[in-house]
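Architecture and fold: a report
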Amino acid sequence: MIIEPRMRGFICLTAHPTGCEQNVINQIEYVKSKGTIEGPKKVLVIGASTGFGLASRITSAFGSGAATIGVFFEKPPAPGKTASPGWYNTAAFEKQAIKAGLYAKSINGDAFSDEIKQKTLELIKKDLGQVDLVIYSLASPKRTHPKTGVVYSSVLKPIGDSIFSNKTVDFHTGIVSEVSIVPANEEEIENTVAVMGGEDWEMWINELKEAGLLAEGAETVAYSYIGPAVTEPVYRKGTIGRAKDHLESTAFSITNSLKDIGGKAFVSVNKALVTQASSAIPVIPLYISLLYKVMKQKGIHEGCIEQIQRLFSERLYSGNEIPVDPEGRIRIDDWEMRDDVQTEVARLWAEATDESLPLIGDLPGYKRDFLNLFGFDVAGVDYGKDTDEMVEIPGLV
Ligand code: NAI
Ligand code: NA
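Residues numbered from 1 in each chain as written. Chains lettered and ligands numbered in written order. Predicted model: local features only at pLDDT ≥ 70, side-chain atom pairs only at ≥ 80, totals over all residues. Heavy atoms only, no water.

Moving on, we get to the UniProt feature "site: Plays an important role in discriminating NADH against NADPH" (unreviewed entry) in the chain. UniProt marks Glu 74 with the feature "site: Plays an important role in discriminating NADH against NADPH" (unreviewed entry), using the numbering shown here. Ignoring sequence-local partners within four residues, the contact set of Glu 74 consists of Ser 49, Thr 50, Ser 84, Pro 85, Gly 86, Trp 87 and Asn 108. A distance of 2.6 Å separates polar atoms of two side chains, one belonging to Glu 74 and the other to Ser 84. (UniProt positions renumbered as here; feature names shortened; annotations may be inferred. Contact = heavy atoms within 4.5 Å. Polar contact = N/O pair within 3.5 Å; in protein donor to acceptor, adjacent residues only side chain to side chain.)

Below, the structure written as structure tokens:
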């Protein structure tokens, strides 16, 4: 069928298999062009189908020749209805992995559940024996707690007494407006920490370790964000920031629990990028469109794959001790947070209106990246061509 983008608010309801495949091929080509990384050999990626998790899987496989198992939650295709983009991304990744002679298997289901954890453990035991790297890259609005059955929902709200107001942009229309958000209550804060904090990450690592599936010296990495002062009320000092605080402190408790096998847990602080998750946060799209403009002008813009390739080659597997900040975090948001970048973005922020944004911000870049997430507007893809939506993932277990 002919597949076109169907937008509803901040999401796109369709995805294009060929466009997703081309995106994955481009990422693989980028990693290969940067040369071999003396990196991990057997990798579990939790949240492996889109964004930073997909980039981690690609870098492990095509940078270090690693066998990979990917866990994710994606919608399969049905006749006349496309799959979600992560499904097509994974199908494309596995196709290329098989061609390159690399082991790649995938599990589609709720990573927060005991069932999917057990299924993953069994697959590792059967096929890989042990893993030496576990990437934890989930972004989810909800979590059902596996022991209590309680369903937690995360919110993106400020914390404190006063209503927060600032500018935001509707990136579809380019209209800049003022947004006001009422602060979260205690229950909403707890809910967000339960979904996006470190509890599930720790459960995964405990269960892997107890089953003897972590290799000597195994490492695990989860992803976090900090960002500038303008986004602090809705991000780092808001509900999601509380969850990231929890995630970051969980790294220390996991490292403690891995002492006997010489293992370590890290949080890597990554750059702000257009993903399905970040597009839904107020204020962030305006910040990203200004940030992209400034970083592109300075020649230091990166996407997920450039970020993760740099994380592996210059931080995790450079051969030197892994550099961390005073809070123990790996920083690959270093270019985003550079003084010259942030000074420029803050200046543009003050100026941003509907009229000025086309000149001072990179809305076209934002829109293209957003469409690319779903396999649309990808260079070299013929969107007029009849396309099969019923794509299979070869190594789905
Ligand atoms: P994403 O939405 O592209 O990827 C989320 C992944 O989690 C997908 O593979 C999805 O299938 C999987 N997933 C979601 N719920 C699941 C469930 N219940 N069971 C199994 N899999 C599930 O998100 P993105 O942006 O790559 O985020 C990954 C991490 O990176 C998050 O911790 C996020 O906070 C962090 N991060 C994101 C930044 C950004 O600007 N996008 C910046 C810095 C950090
Ligand atoms: Na991800």
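Additional details are given in the paragraphs that follow.
The residues that UniProt annotates with the feature "active site" (unreviewed entry) are Tyr 235. Position of Tyr 235 relative to the elements: it lies in the loop between strand 11 (214–224) and helix 7 (239–257). The residues contacting Tyr 235, other than those within four sequence positions of it, are Tyr 225, Ile 226, Ile 240, Gly 241, Lys 244, Ile 281 and Ile 284. (Helix = DSSP H or I, 4+ residues; strand = E, 2+ residues; numbered from the N terminus.)

In this section: the site of ligand 1. By nearness alone, 26 residues border ligand 1, and Ser 49, Thr 50, Ala 111, Lys 244 and Leu 273 come closest of all. Contacts to ligand 1 include Glu 74, whose side-chain N or O atom sits 2.9 Å from an oxygen atom. With respect to ligand 1, the side chain of Lys 244 contributes an N or O atom lying 2.8 Å from an oxygen atom. Summarising the interface, the protein chains cover 91% of the accessible area of ligand 1, which totals 840 Å² for the free molecule. (Near = heavy atom within 4 Å. Areas by Shrake-Rupley, 256 points an atom, 1.4 Å probe, with all protein chains shown as cover.)

As a further point, take helix 11 (residues 339–351). With 13 residues, helix 11 should cover 18 Å at 1.5 Å per step; its first-to-last C-alpha distance of 19 Å lies within 8% of that length. Where helix 11 is concerned, the buried positions are Val 341, Gln 342, Val 345, Leu 348 and Trp 349. Axial view of helix 11: buried residues confined to an arc of 130 degrees, hence all on one face. Exposed positions of helix 11 whose direction lies more than 90 degrees from the buried face are Asp 339, Thr 343 and Ala 350. Residues of helix 11 that are buried in the fold lie against strand 9 (164–170), helix 9 (284–297) and helix 12 (357–360). (Expected span 1.5 Å × (residues − 1). Buried < 20%, exposed > 50% of the residue type's maximum accessible area, 1.4 Å probe, protein only. Arc of directions from axis to C-beta.)

Let's shift gears to the packing of helix 1 (residues 17–33) against helix 2 (residues 51–64). Between helix 1 and helix 2, the shortest axis-to-axis distance is 9 Å and the interhelical angle comes to 50 degrees. Considering the angle they form, helix 1 stands oblique to helix 2. Seen along the crossing, helix 1 lies across helix 2 with a hand that is right-handed. On helix 2, the residues that touch Val 24, Gln 27, Ile 28, Val 31 and Lys 32 of helix 1 are Leu 54, Ala 55, Ile 58, Thr 59, Phe 62 and Gly 63. Its residues placed into classes, the contact of helix 1 with helix 2 shows seven nonpolar, three polar and one charged. (Axes fitted to C-alpha atoms, helices over the stretch in contact; angles between N-to-C directions. Parallel < 35°, antiparallel > 145°, perpendicular 65-115°, else oblique. Left-handed = near helix turned anticlockwise from the far one by under 90°. Nonpolar A, V, L, I, M, F, W, Y, C, P; charged D, E, K, R; others polar.)

The topology assignment puts Glu 94 in helix 3 (residues 85–99). Of the side chains with opposite charge, Arg 57 lies nearest to the buried Glu 94, which makes no salt bridge, at 4.1 Å. Residues contacting Glu 94, with those up to four places away along its chain left out, are Arg 57, Ala 104, Lys 105, Ser 106, Ile 393, Pro 394, Gly 395 and Leu 396. (Lys, Arg positive; Asp, Glu negative; His and termini not counted. Salt bridge = Lys/Arg side-chain N within 4 Å of Asp/Glu carboxyl O.)

The subject of this paragraph is the coordination of the sodium ion (ligand 2). Distances from the sodium ion (ligand 2) to its protein donors, Gly 47 (O), Thr 50 (O), Gly 53 (N), Ser 137 (O) and Ser 137 (OG), fall at 2.8 to 3.2 Å. Every donor residue of the sodium ion (ligand 2) comes from the same chain, spaced as G-x2-T-x2-G-x83-S. The exposure class of Gly 53 is buried, given its relative accessible area of 0%. (Donors = N, O, S within 2.8 Å, 3.2 Å for Na, K, Ca; no water.)

Attention shifts here to the nonpolar core. With 85 residues, the main nonpolar core has Ile 58 and Phe 312 as its most contacted residues. At nine residues, the largest contribution of residues to this core is made by helix 9. Apart from residues lying up to four places away in sequence, Ile 58 is in contact with Val 24, Gln 27, Ile 28, Val 31, Gly 63, Phe 93 and Ile 305. In this structure, Leu 121, Leu 123, Trp 201 and Ile 254 belong to the second largest nonpolar core, which totals 32 residues. (Core = buried A, V, L, I, M, F, W, Y, C linked by side-chain atoms within 4.5 Å.)

As a further point, take the layout of surface pockets. Estimated volume of the second largest pocket: approximately 250 Å³. If you trace the second largest pocket, you find 14 residues lining it, with Lys 264, Ala 265, Phe 266, Val 324 and Gly 328 closest to the centre. Looking at the lining of the second largest pocket, the elements that each hand over two or more residues are helix 7 and strand 12 (264–269). The residue makeup of the lining of the second largest pocket, split by class, is seven nonpolar, two polar and five charged. (1 Å grid on protein atoms, 1.4 Å probe; cavity = no way out; pocket = protein on both sides within 12 Å on 5 of 7 lines; lining within 4 Å. Points joined across faces, edges and corners; volume = space filled by probe spheres on them.)

For the structure on display, the rule yields nine aromatic pairs. With centroids separated by 5.8 Å and ring planes inclined at 55 degrees, the aromatic side chains of Phe 52 and Tyr 223 adopt a geometry described as tilted. With a gap of 171 residues between them, Phe 52 in helix 2 and Tyr 223 in strand 11 connect regions that are remote in the sequence. The burial state of Phe 52 is the same as that of Tyr 223; both residues are buried. Among the aromatic side chains, those forming a connected cluster through ring pairs are Phe 171, Tyr 366, Phe 370 and Phe 374. When the ring centre of Trp 335 is taken as reference, the NZ or CZ atom of Arg 310 above it lies at 3.7 Å. (Phe/Tyr/Trp six-rings, centres within 6.5 Å; stacked < 30°, edge-to-face > 60°. Lys NZ or Arg CZ within 6 Å of the ring centre and 35° of its normal.)

Another aspect to go through is the pairing of strand 6 (residues 131–136). Of all the six residues making up strand 6, five are buried; the element is thus mostly covered by neighbouring parts of the structure. By the bridge criterion, four bridges tie strand 3 (residues 42–46) to strand 6 in an arrangement that is parallel. Note that in strand 6 the partner of Val 45 across the bridge is Ile 135. When strand 6 meets strand 11, the two strands line up parallel, connected through five bridges. Bridge pairing in strand 11 links Tyr 136 to Ala 222. (Pairing = 2+ DSSP bridges.)

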